[in-house]
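Each chain, letter by letter, is given below.
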Amino acid sequence: MVMHIVDDTISKMKALTALGIGFSMDDFGAGYSSLTDLKRLPLEQLKIDRSFVNELTSDLANAAIVRTIISIGQSLGLDVIAEGVETDAQLEYLNKFACNTFQGYIFSQPTTLAEFEQFLAASANWDKRPRQRR
C-alpha cells in the first residue's frame, strides 16, 4: 500500500533520514520490490531474499540473481545483506562475491532478549580475558 503513493512515501522517508533514521529494502527480488523503487527510495541497505540464498549453491539461476543483486546494491552505494544464510557453502559463496553482511541460522537461532543480552555480555568480555604467556 505504501508503494502506491511513492512520492509521499519518499518525502516522508527523506524527512526521517534527516533525523538519522536509515531504511532497508527487505526481501529484495521477491514480492513488490523493483529496480525503480531501488533507484528512487532513500535506502541504506538492500536485503537479498532468503529464497535466492536458500538455493544459492544448487541453482545456477539463483546464483546469478544473487551475484546481480550484490553488484547492483554495491553500485548504488548500499550495504547488501544476505538473509537466510544457513550453510558454510552459502557463506563461502557470498564472501566470494563480496557480500559481507549476513543473517541466518548459521550464526544463531532466534533468541530471547535475556539470551541475547547474555551473548553480548560474553562477547564484550572476550577481549578482557587474561592472556596466557607462551
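Residues numbered from 1 in each chain as written. Predicted model: local features only at pLDDT ≥ 70, side-chain atom pairs only at ≥ 80, totals over all residues. Heavy atoms only, no water.

**Some points on the side chain of K47**
Put simply, the rule is: Strands here mean DSSP runs of E at least two residues long; helices mean DSSP runs of H or I at least four residues long; both are numbered from the N terminus. Relative accessibility thresholds used throughout: buried, under 20% of the residue-type maximum; exposed, over 50%; partly exposed, between the two (1.4 Å probe, protein chains only). Every residue pair with non-hydrogen atoms within 4.5 Å of one another is taken to be in contact.
With respect to the helices and strands, K47 occurs in strand β2 (residues 45-48). Note on K47: relative accessible area 15%, which makes it buried. For K47, the residues in contact, after removing those within four places along its chain, are S24, M25, D26, D27, F28, I81, E83 and Q103.

**Some words on the nonpolar core**
What counts, and what does not: The nonpolar core is taken to be a set of buried Ala, Val, Leu, Ile, Met, Phe, Trp, Tyr and Cys residues, with the residues joined through side-chain atoms within 4.5 Å.
Membership of the largest hydrophobic core comes to 25 residues, with the highest contact counts inside it found for L43, L46, I48, V66, I70 and L94. Secondary-structure elements contributing two or more residues to this core are α1 (6-18), β1 (24-28), β2, α3 (50-54), α4 (60-75), β3 (79-83) and α5 (88-96). The element contributing the most residues to this core is α4, with four residues. With near-sequence residues (within four places) excluded, I70 lies in contact with I48, V80, L94, F97, A98 and C99.

**Concerning the pairing of β2**
Rules: Here a strand pair is declared whenever DSSP counts at least two bridges between the two strands.
Across three bridges, the pairing between β1 and β2 is parallel. Note on β2: the bridge partner recorded for M25 is L46.

**Regarding a nonpolar patch on the surface**
Quick note on the threshold: Only residues whose relative accessible area exceeds 30% and that take part in no salt bridge are eligible for patches, with like-charged residues grouped when within 9 Å of each other and nonpolar side chains (Val, Leu, Ile, Met, Phe, Trp, Tyr) grouped when within 5 Å. In this description, accessible areas are obtained by the Shrake-Rupley approach with a 1.4 Å probe, and a residue is regarded as covered only by the protein chains that are shown. Whenever a carboxyl oxygen of Asp or Glu lies within 4 Å of a side-chain nitrogen of Lys or Arg, that contact is scored as a salt bridge.
Residues L113, F116, F119 and L120 make up a contiguous nonpolar surface patch of about 430 Å² in total accessible area. Positionally, F116 belongs in helix α6 (residues 113-126).

**A look at the sheet that holds β2**
Just so we agree on the cut-off: Every axis corresponds to a line fitted to the C-alpha atoms, with the helix fit spanning only the stretch in contact, and the corresponding angles, defined between N-to-C directions, vary from 0 to 180 degrees.
What the four strands build is an open sheet, ordered β1-β2-β3-β4; its pairing is parallel. Edge strands, defined here as strands with exactly one partner in the open sheet, are β1 and β4 (101-103). If you compare each strand with its neighbour and ignore which way they point, the axes differ by 25° on average. With three bridges joining them, β3 and β4 adopt parallel strand pairing. Looking at the pairing, I81 lines up with T101 of β4. Where α4 meets the sheet, it contacts β1, β2 and β3, and its direction lies at approximately 175° from that of β2.

By themselves these figures say nothing about function.
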